[in-house]
Amino acid sequence: MSFLRLLARNRLALAGLIVMVCVVVLALITPLLPLADPNVTNTADRFQRPFTEGAALGTDHLGRDLLSRLLHGTRLSLAVGFAAAVIAATLGAAIGIVAGFYGGRTDNIIMRGVDMLMAFPYILLALAIVAALGPGLLNALIAVAAVNIPFFARNIRGVTVGIVHKEFVDAARLSGMSDLRIIVTEVLPNVIPVIVIAMSTTVGWMILETAGLSFLGLGSQPPVADLGSMLGEARSALITNPHTSVVPGTMILIIVMAINLLGDGVRDALDPRLKSGALNRPMPTTLVDRKGPVPQPKEGGALLSIDGLKTEFHVKDRVYKAVGGVTLSVRPGECLGLIGESGSGKSVTALSVMGLVASPPGVITGGAVHFEGQDLVGAPYAHLRKMRGDRVAYIFQDPLATLHPLYTVGDQLIEAVQSHHATPKSEARAHAIDLLKSVRIPNAEKRIDSYPHEMSGGMRQRVGIAMALANDPDVIIADEPTTALDVTVQAQILSLLDDLRRERGLAIVFITHDFGVVAQLCDRVAVMYAGRIVEEGPTDAILNAPSHPYTSRLMACVPELGGGRRELAAIPGLPPVVDRLPEGCAFADRCHKAQEACRRGEIELVDNGPSRTVRCIAPEPVTEAAQ
Ligand code: ADP
Ligand code: MG
């Protein structure tokens, strides 16, 4: 099971697990072991040292065998600690879920009660409960469980509140499920990992609390021993016969250490975000591990040129070849469209340019990215940092995810300016207003103090563009900037970008999956499939006469306004998985023209008419008229 494998990867957690298994097994088989009776006193043999005949760990002040008492005591302490944890987790979670699910007044009443319990120091509260119920191990268990209920209730309520506002819970309500059913089938499965995590990190704590109560004489009653009461009884002989306290003390230390290490490991292994390698903090730039020669910059006036770029994701023993040798370039004032189905590697290509692919798991394994003739792949972080946002800027698809929700857009624009150029605040603010005006935000002087949530989607995307323009970059890489917008706003934003490149000589790499957008904005277009460019050339030429079967099939999926009724031809099948790319052409399995030769060897990108290239052995012929 992957959970155990993940747990085993964490050495300390594994050590904790092994120790805990040993202790628990030992505790379980204690009654079967040939041990002396733990409660039989023998005052003739008081305070025997450890390793004496018949008493491996010595004896206590009443001559009782310490080894036997230790094992029986451990058994009891573990049982009470676990039982308390299970009770506290169950009741606490139930209270938390009810409070979080119903909210409003129910939530208020329950949580204020919980707060009241939390207002007492927990050990004082436990003492008060035991004082009220009377000393005894069972009452100590109840006390320890009771003081921990608020902790679970608070935790679980917080998680539940987050879940009940999710769409899937609304969907369950709309489908007519009862509250109980929603709680059991929708909320609980999402909460259980949190409960397990909270439990695994508090069991050790509860064992300690029980030991504390027993130490004070409120838990297990003589002659029965648990670890706490053994310590309590040994207290008077601490100086003269230290072994009587060292023995139970060491056991408590071992158990609590092992449980906490294991608990940390369980938490890490259960968190789904950590499974895919997010446990390691991403590095500031993408890891570079280039094999083979590094391409040299080419002549030809390109501002940014990507040359044979290969970016992979190394996840455990799998290698996802997201970008498998992409070559592209843009000149100043030019707009290059990069088009392809979702998952074809467009975003990864774009992010690789500035080393923004998260590492781990991302690795750039080949190629180069030249900006003004300088290789950016493997450039020092300080250099990349200077370039990011200043010379090469990005516009992302979801402006709500890229803008900080708690700062006004003005502050964020000012920050974008000031992080690259030491500008006085007032000047930066004036510049920010100019920027907002240049992206046609009406009433920019007022809008600058708006928060992102106060703006519409189109407006926010304009702020994203303004931010990209803040430092007058040379290249803008726009990753599906209009996909989330409606067509009218899209048209405005496209014409805005078009104006900007004409006015400022910006080079734009425009990523999209929409041929209409490409036709409107781009001078050249590159079609991407399974991490490689399959066709590239001037937009008009390609749109009029696509050569690669994939391009023509992709275009056939686009409905034409006013083009009459025609059947939209979806491409059958799915794009290949990038960790198991087939040999030869990656599109062969979906191509109506596929032949034997398509599935062999490497299909090269070849010239195909004036400034056009195609990666196909049988491209559609390019007629004179189409050129
Ligand atoms: P798109 O063309 O839609 O922008 P992407 O560039 O985002 O596609 O993704 C290209 C490929 O890289 C996809 O097949 C995706 O599964 C893979 N990929 C992206 N990020 C990761 C990651 N962190 N781990 C593994 N594979 C990834
Ligand atoms: Mg993408």
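- The protein appears in an unreviewed UniProt entry as Peptide ABC transporter permease from Salibaculum griseiflavum.

Some remarks on the domain arrangement of the protein
Interfaces are often sized by the amount of accessible area the parts lose when they come together.
And then number 1: Domain parsing of the protein yields domain 1 (1-29 + 74-276) and domain 2 (287-391 + 473-614).
And then number 2: For domain 1 versus domain 2, the separation of C-alpha centres amounts to 52 Å.

Quick notes on helix α19 (residues 487-504)
And then number 1: Between its terminal C-alpha atoms α19 stretches 25 Å, which fits the 26 Å expected from 18 residues at 1.5 Å a residue.
And then number 2: If you check which residues of α19 are buried, you get Val489, Gln490, Ile493, Leu494, Leu496, Leu497, Asp498, Leu500 and Arg501.
And then number 3: Of the surrounding secondary structure, the elements contacted by the buried residues of α19 are β4 (335-339), β7 (392-395), α16 (425-438), α18 (457-469), β9 (507-512) and α20 (515-521).
And then number 4: Directly beyond the C-terminal end of α19, a positive phi value near 65 degrees is found at Gly505.

Considerations on the layout of surface pockets
Where empty space is left becomes clear once a probe the size of a water molecule has been rolled over the atoms.
And then number 1: In this structure, the largest pocket encloses a volume near 860 Å³.
And then number 2: Along the walls of the largest pocket sit 28 residues, with Arg388, Gly389, Ala416, His420 and Met467 positioned nearest its centre.
And then number 3: Listed by contribution, the elements that provide at least two residues to the lining of the largest pocket are α13 (381-387), β7, α14 (399-402), α15 (409-418) and α18.
And then number 4: When the residues that make up the lining of the largest pocket are grouped by side-chain class, the tally is 15 nonpolar, nine polar and four charged.

Description of the packing of aromatic side chains
And then number 1: In this structure the tally under the stated criterion is seven aromatic pairs.
And then number 2: Summarising the aromatic geometry, the rings of Tyr529 and Phe587 are spaced 5.2 Å apart at their centres and angled 85 degrees between planes, so their arrangement reads as edge-to-face. Residue Tyr529 is located in strand β10 (residues 524-529), and its partner Phe587 is located in the loop between α22 (549-556) and β12 (606-607); the two are separated by 58 residues in the primary sequence. No difference in accessibility class separates Tyr529 from Phe587, as the two residues are buried.
And then number 3: Taking 5.0 Å as the distance between ring centres and 65 degrees as the angle between the ring planes, the aromatic pair formed by Tyr550 and Phe587 counts as edge-to-face. Highlighted residues: Tyr550 in helix α22 and Phe587 in the loop between α22 and β12, separated in sequence by 37 residues.
And then number 4: With a relative accessible area of 0%, Tyr550 lands in the buried category.
And then number 5: One aromatic cluster in this structure is built from Tyr529, Tyr550 and Phe587.

Comments concerning the site of ligand 1
And then number 1: Around ligand 1 sit Phe313, Ala322, Glu341, Ser342, Gly343, Ser344, Gly345, Lys346, Ser347, Val348, Pro361 and Val578, and those are all the residues in its vicinity.
And then number 2: Between ligand 1 and Gly345, the relevant distance is 3.0 Å, taken from an oxygen atom to a main-chain nitrogen or oxygen of the residue.
And then number 3: The backbone of Lys346 places a nitrogen or oxygen atom 2.9 Å from an oxygen atom of ligand 1.
And then number 4: If ligand 1 stood free it would expose 570 Å²; the protein chains cover 67% of that surface.
And then number 5: Of the residues assigned to the shell around ligand 1, the class counts are five nonpolar, five polar and two charged.

Reading the values: the criteria
Residues numbered from 1 in each chain as written. Chains lettered and ligands numbered in written order. Predicted model: local features only at pLDDT ≥ 70, side-chain atom pairs only at ≥ 80, totals over all residues. Heavy atoms only, no water. Domains from an automatic or database assignment. Helix = DSSP H or I, 4+ residues; strand = E, 2+ residues; numbered from the N terminus. Expected span 1.5 Å × (residues − 1). Buried < 20%, exposed > 50% of the residue type's maximum accessible area, 1.4 Å probe, protein only. Contact = heavy atoms within 4.5 Å. 1 Å grid on protein atoms, 1.4 Å probe; cavity = no way out; pocket = protein on both sides within 12 Å on 5 of 7 lines; lining within 4 Å. Points joined across faces, edges and corners; volume = space filled by probe spheres on them. Nonpolar A, V, L, I, M, F, W, Y, C, P; charged D, E, K, R; others polar. Phe/Tyr/Trp six-rings, centres within 6.5 Å; stacked < 30°, edge-to-face > 60°. Near = heavy atom within 4 Å. Polar contact = N/O pair within 3.5 Å; in protein donor to acceptor, adjacent residues only side chain to side chain. Areas by Shrake-Rupley, 256 points an atom, 1.4 Å probe, with all protein chains shown as cover.

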